[in-house]
Amino acid sequence: AQSVSQHNHHVILSEAASLELGCNYSYGGTVNLFWYVQYPGQHLQLLLKYFSGDPLVKGIKGFEAEFIKSKFSFNLRKPSVQWSDTAEYFCAVRKSGGSYIPTFGRGTSLIVHP
Amino acid sequence: NAGVTQTPKFRVLKTGQSMTLLCAQDMNHEYMYWYRQDPGMGLRLIHYSVGEGTTAKGEVPDGYNVSRLKKQNFLLGLESAAPSQTSVYFCASSLWTSSSGNTIYFGEGSWLTVV
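Residues numbered from 1 in each chain as written. Chains lettered and ligands numbered in written order. Predicted model: local features only at pLDDT ≥ 70, side-chain atom pairs only at ≥ 80, totals over all residues. Heavy atoms only, no water.

**Q** For the overall build of chain B, give the residues involved together with the corresponding values.
**A** Of the regular secondary structure elements, chain B holds zero helices and 11 strands. For 115 residues, the compact-globule estimate of 2.2 N^0.38 gives 13 Å, and chain B sits close to it at 13 Å. Counting the 115 residues in chain B, one finds 49% classified as buried. Taking contacts inside chain B between residues at least 6 apart in sequence as the whole, the part at least 24 apart equals 54%. Summed over all atoms, the accessible surface of chain B reaches about 5,300 Å², with 54% contributed by carbon and sulfur. Computing the positive centroid from 9 side-chain charges and the negative centroid from 8, chain B places the two 5 Å apart. (Helix = DSSP H or I, 4+ residues; strand = E, 2+ residues; numbered from the N terminus. Rg over C-alpha atoms; globule rule 2.2 N^0.38 Å. Buried < 20%, exposed > 50% of the residue type's maximum accessible area, 1.4 Å probe, protein only. Contact = heavy atoms within 4.5 Å. Areas by Shrake-Rupley, 256 points an atom, 1.4 Å probe, with all protein chains shown as cover. Lys, Arg positive; Asp, Glu negative; His and termini not counted. Charge placed at Lys NZ, Arg CZ, Asp CG, Glu CD.)

**Q** Account for the interface of chain A and chain B, with residues named and values stated.
**A** Contact with chain A, which involves 19 residues of that partner, is made by 23 residues of chain B. For the chain A and chain B pair, buried surface summed over both sides reaches about 1,800 Å², with 62% attributable to carbon and sulfur atoms. Between the two partners, chain A and chain B, sit zero salt bridges. Summed over the shared surface of chain A and chain B, the number is three residue pairs in polar contact (both at pLDDT 80 or more). Residues that form the side of chain A that touches chain B fall into these classes: 10 nonpolar, five polar and four charged. (Buried area = accessible area lost by both parts, 1.4 Å probe. Salt bridge = Lys/Arg side-chain N within 4 Å of Asp/Glu carboxyl O. Polar contact = N/O pair within 3.5 Å; in protein donor to acceptor, adjacent residues only side chain to side chain. Nonpolar A, V, L, I, M, F, W, Y, C, P; charged D, E, K, R; others polar.)

**Q** Would you mind going over the side chain of Gln-6 of chain B in detail, with residue names and values included?
**A** All names here are of chain B. Of note, Gln-6 is situated in strand β1 (residues 4–7). Taking the relative accessible area as the measure of exposure, Gln-6 reaches 2% and is therefore buried. One polar contact links the side chain of Gln-6 to the main-chain carbonyl oxygen of Tyr-89, over a distance of 2.9 Å. Excluding its chain neighbours within four sequence positions, the residues that come into contact with Gln-6 are Leu-22, Trp-34, Tyr-89, Phe-90, Cys-91, Gly-107, Glu-108, Gly-109 and Ser-110.

**Q** Give me the lowdown on the sheet that holds β1 of chain B, citing residues and values where you can.
**A** Residues and elements named next belong to chain B. One open sheet accounts for four strands, arranged β1-β3-β8-β7; its pairing is antiparallel. Since the sheet does not close on itself, it has two edges, and those belong to β1 and β7 (65–67), each with one partner. Pairs of neighbouring strands in the sheet enclose a mean axial angle of 20°, with direction left out of account. In terms of strand pairing, strand β3 (residues 19–25) meets strand β8 (residues 73–78) through six bridges, oriented antiparallel. Bridge assignment links Leu-21 to a residue of β8, and that residue is Leu-76. (Pairing = 2+ DSSP bridges. Axes fitted to C-alpha atoms, helices over the stretch in contact; angles between N-to-C directions.)

**Q** Any chance you could break down unusual backbone geometry for me, citing the residues and the numbers?
**A** A cis amide bond, omega -10°, links Thr-7 of chain B with the succeeding residue Pro-8 of chain B. Its location among the elements puts Pro-8 of chain B in the loop between β1 and β2 (10–13). For Ala-16 of chain A, which is not a glycine, the phi torsion comes out positive at approximately 80°. For Ala-16 of chain A, the position within the fold is in the loop between β2 (10–14) and β3 (19–21). On the accessibility criterion, Ala-16 of chain A (53% relative accessible area) is exposed. Phi at Phe-72 of chain A is positive, roughly 50°, even though this residue is not glycine. Locating Phe-72 of chain A in the fold gives a position in the loop between β8 (64–68) and β9 (73–78). A residue is classified by how much of its surface remains accessible, and Phe-72 of chain A, at 33% relative accessible area, is partly exposed.

Here you go:
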């Protein structure tokens with residue numbers, strides 16, 4: 001069965017620190033990859049997605065993610081976090097050609113101190 | 001364009017009571033989903049639907065039923081609520097076309113407490 005692992009469950013950073021959140025998946029075929037963000041008290045919103053092409057994907061609010069096929073990874077990065085980035089981050093993976101139901105990781109809670 | 005709308009947003013139930021959560025989307029999406037979100041568990045898929053009149057079980061379907069009588073609506077029912085069903089419930093929808101990458105659009109959540 002396809003699974004998605006987010007290794008960092010809780011991350012605490014100070015403003016201006018760099019961020020990298022890990023996401024690994026277990027499916028070996030072609031995949032679509034997503035990062036969603038959930039700000040406190042709000043619903044999930046799409047941060048960025050990889051479907052095909054350039055494996056370095058840029059999203060909203062200065063976030064980017066790199067798809068490394070050989071490592072089955074899609075890590076999320078931001079060079080300098082802000083207090084407003086405090087949120088929960090979810091990685092999701094959908095295998096191409098299968099059902100259109102993505103599998104979500106358990107989420108990473110990010111707290112940024114001002 | 002309201003996107004995905006869920007009602008009610010908050011509800012407290014007694015054990016054994018029944019209730020229905022309503023989800024409506026105005027984006028003409030084929031796929032609709034119900035997730036529950038619990039601390040440390042992330043998002044878990046309860047049921048989903050790939051089109052009007054069809055439903056399927058997700059990861060944690062027990063204790064829930066769903067119906068998709070109209071394309072724009074997806075109802076989640078709890079016939080006999082249990083404290084273990086205390087959670088935040090998210091409805092979502094998406095297109096099915098491969099070109100969209102199947103981005104999922106979420107509603108704002110429904111906070112359910114069963115006492």
